[in-house]
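Geometric and topological summary
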Amino acid sequence: MIPAPRLLFAVAAGGVVGAVLRHGAGELAPDGPGFPWTTFAINVVGCALLAGLELLPIARRSATWAAALGPGVLGGFTTFSATSEQGRSLLAAGDTALAGCYLLGTLAVCLLVVTVVGRYAPPLPEEDEL
């Protein structure tokens, strides 16, 4: 099944916004040596926002906005590839424990925030449930 062109455009436009936001965050607070805190924070915030996306009426009622904000903005903002490369770099530098803490910690904290948002988010109105 091929997605509607408007959905592809929405994801692409949102992806540009998300990528620019991610780049800006990295410029404002670049990852230094050691634990890559900026990328970690970006991924945790992005996971929390994605988990709460359905709380926005516009995302519940419009497939176009859901595509633009979810896989678009938040997909462009979060960065699994940077996390993987930073983990590889830490391993190559001999920081095995730090690499493990970073990679497993990113996964654990992201899963935790998604669980917390899912558990404590207000219930959706019945007419808005998907």
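All figures in this text were calculated on a predicted structure; none of them were measured in a lab. (Residues numbered from 1 in each chain as written. Predicted model: local features only at pLDDT ≥ 70, side-chain atom pairs only at ≥ 80, totals over all residues. Heavy atoms only, no water.)

1. A few points about the nonpolar core
For soluble globular proteins, nonpolar side chains are generally found buried alongside one another. Counting eight residues, the largest nonpolar core consists of F35, F40, V44, L90, A99, Y102, C110 and V113. Mapped onto this core, the elements with two or more residues apiece are α2 (37-51) and α6 (96-120). Ranked by residue count, the leading element in this core is α6, at four residues. Ignoring sequence-local partners within four residues, the contact set of V44 consists of V109, C110 and V113. (Core = buried A, V, L, I, M, F, W, Y, C linked by side-chain atoms within 4.5 Å. Buried < 20%, exposed > 50% of the residue type's maximum accessible area, 1.4 Å probe, protein only. Helix = DSSP H or I, 4+ residues; strand = E, 2+ residues; numbered from the N terminus. Contact = heavy atoms within 4.5 Å.)

2. Examining the packing of helix α1 (residues 5-28) against helix α4 (residues 63-77)
For the pair α1 and α4, interaxial distance at closest approach is 6 Å and the crossing angle is 35°. Classified by chirality, the crossing of α4 by α1 is right-handed. From α1, R6, L7, A10, V11, G14, G15, V17, G18, A19, L21 and R22 reach across to α4, where they touch A63, T64, A67, A68, P71, G72, V73, G76 and F77. The residue inventory of the contact of α1 with α4, partitioned by class, reads twelve nonpolar, six polar and two charged. (Axes fitted to C-alpha atoms, helices over the stretch in contact; angles between N-to-C directions. Left-handed = near helix turned anticlockwise from the far one by under 90°. Nonpolar A, V, L, I, M, F, W, Y, C, P; charged D, E, K, R; others polar.)

3. Side note on the packing of aromatic side chains
Evaluated as defined, the whole model comprises four aromatic pairs. Ring centres of F35 and F40 lie 5.4 Å apart, and the angle between their planes is 70°; on these two criteria the pair is classed as edge-to-face. According to the relative accessible area criterion, F40 is buried, its value standing at 13%. (Phe/Tyr/Trp six-rings, centres within 6.5 Å; stacked < 30°, edge-to-face > 60°.)

4. Side note on the packing of α2 against α6
Direction vectors running N to C along α2 and α6 enclose 25°, while the axes themselves pass 8 Å from each other. Considered as vectors, α2 and α6 are oriented roughly parallel to each other. As α2 runs across α6, the sense of the crossing is right-handed. Side by side, α2 and α6 meet where T39, F40, N43, V44, C47, A48 and A51 of the first sit next to Y102, G105, T106, V109, C110, V113, V114 and V117 of the second. The class makeup of the residues in the contact of α2 with α6 is eleven nonpolar, four polar and no charged. (Parallel < 35°, antiparallel > 145°, perpendicular 65-115°, else oblique.)

5. Quick word on a nonpolar patch on the surface
Taken together, the side chains of L56, I58 and W65 present a nonpolar region at the surface, about 290 Å² in accessible area. By the element assignment, I58 lies in helix α3 (residues 57-61). A relative accessible area of 40% places I58 in the partly exposed class. (Patch = residues over 30% accessible without salt bridge, like charges linked within 9 Å, V, L, I, M, F, W, Y side chains within 5 Å. Areas by Shrake-Rupley, 256 points an atom, 1.4 Å probe, with all protein chains shown as cover. Salt bridge = Lys/Arg side-chain N within 4 Å of Asp/Glu carboxyl O.)

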